[in-house]
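Structural characterization, general
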Amino acid sequence: MLSSLARLPFLPHHRVSGITALFVSSTLHSFALSLAGIFVPLYILQLTGRLETVFMFFAIRSVAIVATAVPAAHLVSRLGFRRSSMTGTFLYLLMIFLLILGTQQPAYLWLAAIASGVAVPAYWLPYHLIFAEDGAREHFGREVSLLNILSRVGTAAGPLIGGLLILFFGFSALYLATFIILFFSVIPLSLMEHHPIHRAPSLRQLKDYLFSRVGRVWAVSFCLPQVETLILDVVWPVFVFLSVRSYETTGGIASATLLVSILVLVVSSQIVDRADKKKLMAVGGFFSSMGWLALALAKSNGGIFILSTFLKGVRIFYYIPFETIFYSKVAQEKLNHSLTFLVFREMILHSVGALAMFGLWLLILLGWSLNLTFLIAALAILLSIRFVRKLGV
């Protein structure tokens, strides 16, 4: 099916560079998922009426990612970047279809979580390899910023549009729109040129890397920001919605904060390649921590909006330098080692993700309010500053 899609008669027969295909496909992919992204936790909450099922959904997703990371690496090794990226996109389409079926039978939500988990390594492993191999290494900071700008331009209106679709037509219309746009994001991938085959890692190689000194530093450097990111992706939308009690307002706040982050990204793209990346991350991490602490104390809707905007702006000065260091590391690895490093990253990120979701579920059962979990995000991003200083590329 994948090879026949690449030969569809309405598609041009010439190939485009991996980085060009990545920019175009990523913009469409990000816009599609932005329509539904922040509303998935709210959708699950609406269907089940239980906050713990939201955490369970994302825990199952993380477990599925860890379980399929090595098989996905073999898929990338066997099919190449182009076809494995397309496979990942089709798995995202399956996830959306299963979420739609969730309105009839909530059990489909767990299948959607698994489909989402399998999609992540199938799509993102080749994505990272394409960027590392085709990007200009001396300007990784600028290209990482550009990729994030394009993604955010595509996603800026997504949450607001998604909220309006829910308001007027319901969740099924939201997921149908997401499905259609995701399908079109496959087309640029189908035109992408071929890349060298990477050998998939063995479990022994992954274990050896984990217990090496470099592997331990990278593992901790991945873990702490992941905890903060999960709280932003899973807890923050629920917190905002329960504060404003409106899908369109929740989407509007998310869209407005994304617009501000685009402006910050434009600034960061001009300085990240010239600045000391680790110092820039320390500044971004410190102010992100302060933003989370302030958001934990926010009472009014206006305060939540202002502090969320501040937080999403200053986070960029942490994550853009971090992604630049990360892609430089991937680019410096030997051909058959870069895929090992990426699989290692996925398994570390989402092992922590599953544990974090379980931990948050336990804290809610113990009576923690959602805003108190922001203290964990503040601590995680602050502690991470210590470890990123030890990163070497």
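Residues numbered from 1 in each chain as written. Predicted model: local features only at pLDDT ≥ 70, side-chain atom pairs only at ≥ 80, totals over all residues. Heavy atoms only, no water.

Examining the pattern of salt bridges
As a reminder of what qualifies: Each reported salt bridge corresponds to a side-chain nitrogen of Lys or Arg within 4 Å of a carboxyl oxygen of Asp or Glu. A run of DSSP states H or I qualifies as a helix once it reaches four residues; a run of E qualifies as a strand once it reaches two. Both are numbered from the N-terminal end. Three exposure classes are used, based on accessible area relative to the maximum for each residue type with a 1.4 Å probe and protein chains only: buried under 20%, partly exposed in between, and exposed over 50%.
A complete count under the given rule lists three salt bridges for this structure. The closest approach of N and O atoms between arginine 315 and glutamate 228, which form a salt bridge, is 2.8 Å. Within this pair, whereas arginine 315 is found in the loop between α14 (301–314) and α15 (316–332), its partner glutamate 228 is found in helix α11 (residues 213–244), the two being separated by 87 residues in sequence. A salt bridge links glutamate 346 to arginine 345; the shortest N-O distance between them is 2.9 Å. We classify arginine 345 as buried; its relative accessible area is 16%.

Digging into the environment of lysine 312
Basically, it comes down to this: Contact between two residues is taken to exist if any of their heavy atoms lie within 4.5 Å; hydrogens are not considered.
Looking at where lysine 312 falls in the secondary structure, it is placed in helix α14. Setting aside residues up to four positions removed in sequence, lysine 312 forms contacts with Leu232, Trp236, Thr257 and Ser261.

Quick word on the packing of helix α3 (residues 40–48) against α11
Quick note on the threshold: All axes are obtained by fitting lines to C-alpha atoms, using only the stretch in contact for helices, and the reported angles, taken between N-to-C directions, cover 0 to 180 degrees. When the near helix sits turned anticlockwise from the far one by under a right angle, the crossing is termed left-handed; a clockwise turn instead gives a right-handed crossing. Charged residues are taken to be Asp, Glu, Lys and Arg, nonpolar residues to be Ala, Val, Leu, Ile, Met, Phe, Trp, Tyr, Cys and Pro, and polar residues to be all remaining types, Gly included.
Closest axis-to-axis distance for the α3/α11 pair is 8 Å, and the angle between their directions is 65°. Crossing handedness for the pair α3 and α11: right-handed. Contact residues: Pro41, Leu42 and Leu45 in α3; Asp233, Val234, Pro237, Val238 and Phe241 in α11. Of the residues belonging to the contact of α3 with α11, the class tally is seven nonpolar, no polar and one charged.

Details of the side chain of threonine 53
Positionally, threonine 53 belongs in helix α4 (residues 51–101). Excluding residues within four positions of it along the chain, threonine 53 makes contact with Ile44, Thr48 and Trp110.

Some points on the packing of aromatic side chains
What counts is decided by this rule: Classification of ring pairs rests on two measures: the distance between centres of Phe, Tyr or Trp rings, Trp counted by its six-membered ring, which must be within 6.5 Å, and the angle between planes, read as stacked under 30 degrees, edge-to-face over 60 and tilted in between.
The final tally for this structure, using the stated rule, is 23 aromatic pairs. The interplanar angle of 85° and the centroid separation of 5.5 Å between the aromatic rings of phenylalanine 171 and tyrosine 247 together place this pair among those described as edge-to-face. One end of the pair, phenylalanine 171, is in helix α8 (residues 171–184); the other, tyrosine 247, is in helix α12 (residues 247–271), with 76 residues separating them in the sequence. Accessibility classification places phenylalanine 171 together with tyrosine 247 in one group, the buried group. Residues tryptophan 218 and phenylalanine 222 carry aromatic rings whose centres are separated by 5.3 Å and whose planes lie at 40° to one another, so their mutual orientation is tilted. Taken together, the residues span about one helical turn, with tryptophan 218 and phenylalanine 222 both in helix α11 at a distance of four residues. The exposure classification of tryptophan 218 matches that of phenylalanine 222, with both residues buried. Among the aromatic residues, those joined into a cluster by ring pairs are Tyr209, Trp218, Phe222, Tyr318, Tyr319, Phe322, Phe341 and Phe344.

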